[in-house]
Amino acid sequence: MNNPDNSEELEEISSKDFSLSLFKKYLDKENFHLTYERKILFDEISNFNGPFCVEDLIEKCSPDGIYISRGTIYKTVKLMEDSGVIQRIPKHGKKRFFVLLNQGTNKGHLICLLCGKMETIDIGENLNIEGLKNSKADFDIISTTFIINGICSDCG
Ligand SMILES: [Zn+2]
C-alpha cells in the first residue's frame, strides 16, 4: 500500500462521489432528476457492504421514519443499474441481488451454487491491478467485481 501512484488513485476515483457523478450524468442524459428520494436511496445503497436486494433496501428505509414508496425504490434501483452504479449478480433463487460499483474494487463475491449463500471477501493484494492495466493500457480501470461460484461448507 506504499504505492501512491496506483492504490490511492484507484481508491479516490472509485469513491461514492464518483458513483454519484456517474449516476447524475445518467439521470441528466435520460432527462431524470436526482430527487430527494433518489438521493436518500443512493446514500442507503452506498452503505451496503456486500450484495443487497430490494427487500434489504425497503427494510433499511422504513425504520428511520422515511417513507419512500416501493415504486420509487424499484425504479431508482433500476435507474442505478442502468447507469452502471450497481450491477446485478447471478444468484440462486428468485431474488435479484446487486453490488455497488465502488465496492467492486478488489472484492470478490462468493456464491454457493447449491444454497445461494453469499459472502464478500477482500481480494486485496492478490489482485494484480498492474497486470490488468498492462494488458489493456488504453482502458482506465475504475473497479473490478469478481463473482466466484462454488460450494459452501454447509453444502459441501
Ligand atoms: Zn451452500
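Residues numbered from 1 in each chain as written. Predicted model: local features only at pLDDT ≥ 70, side-chain atom pairs only at ≥ 80, totals over all residues.

A closer look at the overall build of the protein chain
Right, on to step 1. Of regular secondary structure, the protein chain possesses 6 helices and 5 strands.
Right, on to step 2. Walking the protein chain from its N terminus toward its C terminus, one meets helices and strands in the order α-α-α-α-α-β-β-β-β-α-β.
Right, on to step 3. Expressed as a percentage of contacts within the protein chain between residues at least 6 apart in sequence, the contacts between residues at least 24 apart total 59%. (Helix = DSSP H or I, 4+ residues; strand = E, 2+ residues; numbered from the N terminus. Contact = placed C-beta atoms within 7 Å.)

Quick word on the confidence of the model for the protein chain
Right, on to step 1. Put simply, the protein chain has an average pLDDT of 82, and 85% of its residues get 70 or more.
Right, on to step 2. The low-confidence segment residues 1-10 (pLDDT under 50) makes 5 contacts with residues lying over four places distant or belonging to another chain. (pLDDT = per-residue confidence, 0-100.)

Re unusual backbone geometry
Right, on to step 1. Look at Asn-31: it is not a glycine, yet its phi comes out positive at around 60°.
Right, on to step 2. Structurally, Asn-31 is set in the loop between helix H2 (16-29) and helix H3 (36-46).
Right, on to step 3. Residue Asn-31 is classed as exposed on the basis of its 6 C-beta neighbours within 10 Å. (Buried ≥ 20, exposed ≤ 12 C-beta atoms within 10 Å, placed from the backbone.)

So, the environment of Arg-96
Right, on to step 1. For Arg-96, the location among the structural elements is in the loop between strand S1 (86-89) and strand S2 (97-100).
Right, on to step 2. Looking at Arg-96, the number of C-beta atoms within 10 Å reads 15, which means it is partly exposed.
Right, on to step 3. In this structure the C-alpha to C-alpha distance between Arg-96 and Glu-55, which are 41 residues apart in sequence, comes to 9.6 Å.
Right, on to step 4. Residues in contact with Arg-96, not counting those within four places in the same chain, are Cys-53 and Arg-88.

As for the sheet that holds strand S4 (residues 118-122)
Right, on to step 1. Pairing is mixed across the open sheet formed by 3 strands, whose spatial order is S4-S3-S5. The open sheet is flanked by S4 and strand S5 (145-150), the only strands paired with a single partner. Strand-to-strand twist across the sheet, computed as the mean angle between neighbouring axes with direction ignored, equals 25°.
Right, on to step 2. Two strands pair when backbone bridges link them, and strand S3 (residues 107-112) and S4 are joined in this way by 5 bridges, in the antiparallel orientation. Across the sheet, Lys-107 pairs through a bridge with Asp-122, a residue of S4. (Pairing = 2+ DSSP bridges. Axes fitted to C-alpha atoms, helices over the stretch in contact; angles between N-to-C directions.)

Let's talk about the nonpolar core
Right, on to step 1. Counting 17 residues, the largest nonpolar core has Ile-45, Leu-57, Met-80 and Ile-86 as its most contacted members.
Right, on to step 2. For this core, the elements supplying multiple residues, two or more each, are H3, helix H5 (70-83) and S2.
Right, on to step 3. When near neighbours in sequence (up to four residues on either side) are disregarded, Ile-86 contacts Ile-45, Met-80, Glu-81, Phe-98, Val-99, Leu-100 and Leu-101. (Core = buried A, V, L, I, M, F, W, Y, C linked by C-beta atoms within 7 Å.)

Description of the packing of H3 against helix H4 (residues 54-61)
Right, on to step 1. Running from N to C, H3 and H4 cross one another at 110°; their axes reach a closest spacing of 11 Å. Classified by the angle between their axes, H3 and H4 sit roughly perpendicular to one another. Between H3 and H4 the crossing geometry is right-handed. Contacts from Leu-41, Glu-44 and Ile-45 of H3 reach H4 at Leu-57, Lys-60 and Cys-61.
Right, on to step 2. Partitioning the contact of H3 with H4 into residue classes produces 4 nonpolar, no polar and 2 charged. (Parallel < 35°, antiparallel > 145°, perpendicular 65-115°, else oblique. Left-handed = near helix turned anticlockwise from the far one by under 90°. Nonpolar A, V, L, I, M, F, W, Y, C, P; charged D, E, K, R; others polar.)

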